[in-house]
Amino acid sequence: MFSPHKTDMMPPIDNYFWGDKMTTIIENVEALQSYLGKELEPTDWMEITQDRINMFADATEDHQFIHVDPEAAKLTPFGTTIAHGFLTLSLAPAFWSQIYRVEGVKMGVNYGLNKVRFINPVKVNSRVRGKGKITNLGEAAGGTQITFELTIEIEGEEKPACIAETISLIYV
């Protein structure tokens with residue numbers, strides 16, 4: 001079984017994924033073609049807390065006040081602290097694991113990104129979720145290359161937080 005970041009060394013799949021949403025199960029690599037361009041089911045909502053933002057700031061050494069100082073952030077146009085754009089993007093593996101899984105795959109790796117846009121800031125205590133679709137398939141480096149358009153939505157907001165065109169390689 002495959003999620004874009006799962007390996008045989010990880011816990012059993014039933015214990016690994018968070019949330020209540022049903023992951024789209026793709027029978028095998030050959031069946032990927034039938035999902036090309038189809039919008040897949042969105043994930044559960046995930047709250048972006050100040051603790052999560054602070055931990056990301058510590059991990060990345062990005063302690064800009066708009067992320068970590070609630071009092072100073074009140075004086076900005078956002079009115080509160082906001083998540084780092086790269087924190088939002090870093091949720092992609094968690095969202096992929098809830099959106100789809102390809103059976104019969106031994107390993108998957110991140111290959112890169114074609115395009116990323118941070119459209120709307122994620123304010124502290126907002127809830128986000130991922131949705132997306134497979135936009136391209138190809139062969140690369142002895143595996144299958146999957147291009148996936150991931151949209152990270154903010155609950156109650158018209159504009160999404162982020163749209164990213166991600167690339168993964170999977171191997172059978």
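Up top is the structure.
Residues numbered from 1 in each chain as written. Predicted model: local features only at pLDDT ≥ 70, side-chain atom pairs only at ≥ 80, totals over all residues. Heavy atoms only, no water.

A. Structural detail: the overall build of the chain. Broken down by element type, the chain carries six helices and eight strands. The order of α-helices and β-strands along the chain, N terminus first, is α-β-β-β-α-α-α-α-α-β-β-β-β-β. Looking at the chain as a whole, 45% of its 172 residues are labelled buried. Residue pairs at least 24 apart in sequence account for 72% of intrachain contacts in the chain once pairs closer than 6 positions are excluded. (Helix = DSSP H or I, 4+ residues; strand = E, 2+ residues; numbered from the N terminus. Buried < 20%, exposed > 50% of the residue type's maximum accessible area, 1.4 Å probe, protein only. Contact = heavy atoms within 4.5 Å.)

B. Summary view of the packing of aromatic side chains. Applying the stated criterion across every chain yields a total of two aromatic pairs. Ring geometry for phenylalanine 86 and phenylalanine 118: centres 5.6 Å apart, planes at 75 degrees, overall edge-to-face. Separated by 32 residues along the polypeptide, phenylalanine 86 in helix H5 (residues 85–90) and phenylalanine 118 in strand S5 (residues 107–118) bring together distant segments of the chain. By relative accessible area, phenylalanine 86 is classed as exposed at 57%. Just above the ring of tyrosine 35 sits the side chain of lysine 38; from NZ or CZ to the centre is 5.9 Å. (Phe/Tyr/Trp six-rings, centres within 6.5 Å; stacked < 30°, edge-to-face > 60°. Lys NZ or Arg CZ within 6 Å of the ring centre and 35° of its normal.)

C. Structural context of the pairing of strand S6 (residues 127–140). In terms of strand pairing, strand S2 (residues 39–40) meets S6 through two bridges, oriented antiparallel. When the bridges of S6 are listed, leucine 40 appears paired with glycine 132. Note: strand S3 (residues 46–47) against S6, two bridges, orientation antiparallel. Pairing of methionine 46 across the sheet is with valine 128, part of S6. The pairing of S6 with strand S7 (residues 143–154) spans 12 bridges and is antiparallel. Its bridge partner being in S7, asparagine 136 is matched across the sheet by threonine 147. (Pairing = 2+ DSSP bridges.)

D. Structural context of the pattern of salt bridges. Under the criterion given, the structure shown has five salt bridges. Here lysine 74 makes a salt bridge to glutamate 71, at a shortest N to O gap of 3.2 Å. In this structure, lysine 74 and glutamate 71 share a single accessibility class: exposed. The salt bridge partner of glutamate 155 is arginine 127, with a shortest N-O separation of 2.7 Å. (Salt bridge = Lys/Arg side-chain N within 4 Å of Asp/Glu carboxyl O.)

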